[in-house]
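Spelled out from the first residue to the last, the chains are:
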Amino acid sequence: SQAAWCELPSRVLLVLTSQRGVQMYESDGSTMVFWHALDVPELPAAHSVFARGIAAAGGHFICVGTSFGAVLVFDIPPKGTNVTLSEVLEQHRDPITDIAAEQGQAPEGAGDLVTADDSGTLCLWSTGEEFTLLGKIPGSGSTCSSVALWNGIVAAGYGNGQIRLWEAGSGRIRAQVSAHARWIYALDLAPLTGKLLSGAEDSFVHVWKLGRNPDTDDIEIQHCHAECVTDTQVCGARFCDPAGDTFAVTGYDLSEILCYGAA
């Protein structure tokens, strides 16, 4: 269901999630480092079991979400295959949709990990040898499909097409934009510049710029660019470089990856 490279100080792992569990490979995919099977409880067939949401956090941890609402925290050794499940975070009641770690410099007291679920609830965490829940932002009836975290700003994309910006320290909402006409499926962040990429079912991809007002420290969002991928429900969008000068897009039933760059 998802794949991500997790960059840790000592190594880079390719992490895959599926209905069966979590797989970790060396970054080139050559060797499987670890396999974690999901427990399948005795539930009605209507309840699907899966893992979704991947993020490297705290220097030597990889966090993975599950359909049970739990977040699995794996302790990754500097080398070798001795990966261990060190902690299970159980604050969500709905399936995890996405997990994001701080990609900039978190202000003092702000969380450096955010988890999101199908109800739109966000949990803010401080990572360390033990993960600490700093705050919970309740959902408002719309699924939070994707999150990003940069310089203490939580950017969240929702099923109703909105992007909302929150303070990672206080959990207060700072901005809300009706960014798309349909479900947002992808958010990505360029850590060097604070550019935010959003892709949705309405066939549009937007580039935004996040920042703080130097006088008031208020969070601001500015629209920079829009691209229409004709007749395509966009389901994946990622920047290709840390500055956000290029990005790649794909869609449902599309066997291509479309790349866009600055002229």
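Residues numbered from 1 in each chain as written. Predicted model: local features only at pLDDT ≥ 70, side-chain atom pairs only at ≥ 80, totals over all residues. Heavy atoms only, no water.

- You'll find the chain entered in an unreviewed UniProt entry as WDR54 protein, with Leptocoma aspasia given as the organism.

### Describing the nonpolar core
1) Next: Counting 18 residues, the largest nonpolar core has V15, M24, I62, V64, F74, I76 and V83 as its most contacted members.
2) Next: Among the elements of the structure, β2 (12–17), β3 (21–26), β4 (32–37), β5 (51–57), β6 (61–66) and β7 (71–75) are those that each provide at least two residues to this core.
3) Next: In terms of nonpolar packing, the next biggest core, distinct from the first, is built from 17 residues, A148, L165, A179 and L189 among them. (Core = buried A, V, L, I, M, F, W, Y, C linked by side-chain atoms within 4.5 Å. Buried < 20%, exposed > 50% of the residue type's maximum accessible area, 1.4 Å probe, protein only. Helix = DSSP H or I, 4+ residues; strand = E, 2+ residues; numbered from the N terminus.)

### Overview of the sheet that holds strand β23 (residues 258–261)
What holds strands together in a sheet is hydrogen bonding between their backbones, with the strands either parallel or antiparallel.
1) Next: The antiparallel open sheet is built from three strands, whose spatial order is β21-β22-β23. The open sheet is flanked by β21 (234–239) and β23, the only strands paired with a single partner. Within this sheet the neighbouring strands show an average axis-to-axis angle of 20 degrees, counted without direction.
2) Next: Sheet topology places strand β22 (residues 246–251) next to β23; four bridges connect them, and they run antiparallel. Paired with A248 across the bridge in β23 is C259. (Pairing = 2+ DSSP bridges. Axes fitted to C-alpha atoms, helices over the stretch in contact; angles between N-to-C directions.)

### A word on the environment of A37
1) Next: Within the secondary structure, A37 sits in strand β4.
2) Next: For A37, a relative accessible area of 39% gives the class partly exposed.
3) Next: The sequence separation of A37 and G21 amounts to 16 residues, and the corresponding C-alpha distance is 4.4 Å.
4) Next: In this structure A37 touches R20 and G21, once residues within four positions along its chain are discounted. (Contact = heavy atoms within 4.5 Å.)

### With respect to the sheet that holds strand β12 (residues 132–137)
1) Next: Strand order in the open sheet made by the four strands is β9-β10-β11-β12, with antiparallel pairing throughout. Here the strands that pair on one side only, and so sit at the sheet edges, are β9 (96–101) and β12. The average undirected angle you get between the axes of adjacent strands in this sheet is 20 degrees.
2) Next: As paired strands, β9 and strand β10 (residues 113–117) are joined by five bridges and run antiparallel to one another. Paired with D98 across the two strands is A116, which belongs to β10.

### Concerning the UniProt feature "repeat: WD" (unreviewed entry) in the chain
1) Next: Those places that UniProt annotates as "repeat: WD" (unreviewed entry) correspond, in this numbering, to residues 177–210.
2) Next: The distance separating the terminal C-alpha atoms of residues 177–210 is 12 Å; by composition the span is 0% helix and 65% strand. (UniProt positions renumbered as here; feature names shortened; annotations may be inferred.)

### Notes on the pattern of salt bridges
1) Next: Under the criterion given, the structure shown has seven salt bridges.
2) Next: Note that R174 is salt-bridged to E167, the shortest N-O span being 3.4 Å.
3) Next: Take R174: its relative accessible area is 37%, and that puts it in the partly exposed class. (Salt bridge = Lys/Arg side-chain N within 4 Å of Asp/Glu carboxyl O.)

### Some points on the layout of surface pockets
1) Next: When its volume is computed, the largest pocket comes out at roughly 1,800 Å³.
2) Next: Along the walls of the largest pocket sit 50 residues, with Q2, A3, A4, D188 and R238 positioned nearest its centre.
3) Next: Here the lining of the largest pocket is composed, by residue class, of 31 nonpolar, eleven polar and eight charged. (1 Å grid on protein atoms, 1.4 Å probe; cavity = no way out; pocket = protein on both sides within 12 Å on 5 of 7 lines; lining within 4 Å. Points joined across faces, edges and corners; volume = space filled by probe spheres on them. Nonpolar A, V, L, I, M, F, W, Y, C, P; charged D, E, K, R; others polar.)

### Quick word on the environment of L85
1) Next: Within the element layout of this structure, L85 appears in strand β8 (residues 84–89).
2) Next: It is 30 Å that separates the C-alpha atoms of L85 and C235, two residues lying 150 residues apart in sequence.
3) Next: If near-sequence neighbours (up to four positions away) are discounted, L85 is found in contact with H36, L72, V73 and F74.

### Some thoughts on the packing of aromatic side chains
1) Next: Considering all chains together, one arrives at five aromatic pairs under this definition.
2) Next: Taken together, a centroid distance of 5.4 Å and an interplanar angle of 65 degrees make the contact between F34 and F74 edge-to-face. Separated by 40 residues along the polypeptide, F34 in strand β4 and F74 in strand β7 bring together distant segments of the chain. Each member of the pair, F34 as well as F74, carries the same accessibility label: buried.
3) Next: Ring-pair connections join several aromatic residues into one group, and the members of that group are W183, Y185 and Y252. (Phe/Tyr/Trp six-rings, centres within 6.5 Å; stacked < 30°, edge-to-face > 60°.)

### Let's talk about the pairing of β22
Successive side chains on a regular strand alternate, one facing one side of the sheet and the next facing the other.
1) Next: Sheet analysis places β21 next to β22, joined by five bridges and oriented antiparallel. When the sheet's bridge partners are listed, V234 is paired in β22 with G251.
2) Next: Between β22 and β23, which follow one another and run antiparallel, lie six residues, and D253 among them has a positive phi close to 55 degrees.

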